[in-house]
Amino acid sequence: MITWYAATQKVQILSTQLSRPAVTDRFQGQSPEAVEQWVALLYGVCREAQRFAARLALALGVEDDKAAERVWQEAMREHLLHCLQRWPETIGETADLTALREWQSEVAHQSEAVRSAWVETRLAPIVLPFVRYWEAAVPALGAAMRARWTRIQRDLGFPREAVRGWLNLRVERRNGENQVTVNTARGELTHRAEVCDGRVIRYAIEAPTDRLCAEGARLREWVETVPCATLVAAERLGRAAVVALDPCVPYRLEVHDA
């Protein structure tokens with residue numbers, strides 16, 4: 001929740017709250033197979049990565065190339081949705097997802113060189129104006145968007161034969177638990193599971209959102225230091241700050257005119 005003060009053209013963040021249902025508590029006492037199915041049903045964001053990590057944490061199989069490929073493709077789709085849909089929305093423009101459809105139907109299956117060239121000649125001219133807009137308007141926020149763009153460039157051009165390297169998969173056994181960490185579009189996703197006698201005793205998930213949105217200090221830095229001449233400008237700034245912080249998190253923004 002943010003408030004815009006017309007007299008001073010300042011914005012103040014009154015509160016930020018990260019909430020999600022404690023669904024992993026329901027996994028206790030269930031079979032590993034049932035938990036895997038629940039994970040696939042409950043998590044819409046990074047579903048392939050969630051299922052991939054869950055399967056390994058529950059010791060239901062080993063990683064395979066097809067599953068790793070699906071996680072990578074999912075992350076690339078999230079990257080493209082982020083820059084083609086959410087970035088235009090931050091300045092009130094309508095999203096055009098034509099480039100996303102091109103990627104999915106043609107470009108994603110091409111060589112590293114072809115994909116990298118497509119990013120530079122097709123994607124960059126579309127999305128860089130939004131990065132430059134926020135670099136000029138709010139340098140700290142723009143720097144975060146520039147860093148995100150750099151990662152998008154790198155990931156979209158990643159060698160397909162080295163997808164396992166992109167996943168940065170780590171499978172460990174700690175304190176009786178299987179801990180699995182895998183890369184996603186927003187950062188690392190971790191699943192931890194303890195299974196005994198065919199039943200799940202403990203299960204925990206640490207998603208990128210838990211780290212990115214843990215506290216509102218960066219939001220305050222980006223939002224409260226910039227004058228906004230109108231209520232619309234204040235709302236756009238708030239949305240841009242949330243998108244720059246976590247490109248995939250569902251959110252509700254309340255803007256009040258004081």
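Computed from a prediction, not measured in an experiment: that's the story for all the values here.

K.L.:
Explain helix H2 (residues 47–57) residue by residue, including any values.
P.N.:
All of the buried residues in H2 are Ala-49, Gln-50, Phe-52, Ala-53, Ala-54, Leu-56 and Ala-57. Phi for Ala-59, located one or two positions after H2, is positive at around 55 degrees.

K.L.:
So what's going on with the nonpolar core? Which residues, and what values?
P.N.:
Core analysis: the biggest nonpolar cluster contains 76 residues, and Trp-87, Trp-103, Leu-123, Leu-141, Trp-149 and Tyr-203 have the highest contact counts within it. Sort the elements by how many residues they give to this core and helix H3 (residues 65–89) lands first, with 11 residues. Setting aside its immediate chain neighbours within four residues, Leu-141 contacts Trp-134, Trp-222, Leu-237, Ala-240, Ala-241 and Ala-244.

K.L.:
Please provide a residue-by-residue account of the environment of Cys-83, values included.
P.N.:
Residue placement: Cys-83 occurs in helix H3. C-alpha of Cys-83 to C-alpha of Gly-176: the two residues are 93 residues apart in sequence and 41 Å apart in space. Discounting chain neighbours no more than four positions away, the residues touching Cys-83 are Pro-88, Leu-123, Val-127 and Ile-152.

K.L.:
So what about the layout of surface pockets? Which residues, and what values?
P.N.:
Space inside the second largest pocket adds up to approximately 170 Å³. Along its surface, the second largest pocket is lined by Glu-36, Glu-48, Arg-51, Phe-52, Arg-55, Leu-56, Val-62, Glu-63, Asp-64, Ala-67, Arg-70 and Val-71. Top element by residues in the lining of the second largest pocket is H2. It accounts for five residues. In the lining of the second largest pocket, the residues fall into five nonpolar, no polar and seven charged.

What counts, and where the lines are drawn
Counting from 1, residues in each chain are numbered in the order their sequence is written. Note on the predicted model: pLDDT of at least 70 is required for a residue's local features to be given, and 80 or more for side-chain atom pairs to be given and counted; whole-chain, interface and lining totals, by contrast, use all residues. Water and hydrogen atoms were dropped before computing side-chain values, which therefore reflect all heavy atoms in the structure. Throughout, exposure labels follow a simple rule: accessible area from a 1.4 Å probe, protein chains only, divided by the maximum for the residue type, with under 20% read as buried, over 50% as exposed, and the rest as partly exposed. In this description a helix means any DSSP run of H or I spanning at least four residues, a strand means any run of E spanning at least two, and both kinds are numbered starting from the N terminus. To define a nonpolar core, start from buried Ala, Val, Leu, Ile, Met, Phe, Trp, Tyr and Cys residues and group those joined through side-chain atoms within 4.5 Å. Should any heavy atoms of two residues lie within 4.5 Å, those residues are considered in contact. Using only the protein atoms, space was sampled on a 1 Å grid; points where a 1.4 Å probe fits but cannot get out form cavities, open sets with protein on both sides within 12 Å along at least five of seven lines form pockets, and lining residues are those with an atom within 4 Å of a point. Grid points are joined across faces, edges and corners, and a volume is the space filled by probe spheres set on the points. Each residue gets one label: Ala, Val, Leu, Ile, Met, Phe, Trp, Tyr, Cys and Pro are nonpolar, Asp, Glu, Lys and Arg are charged, and the others, such as Gly, are polar.

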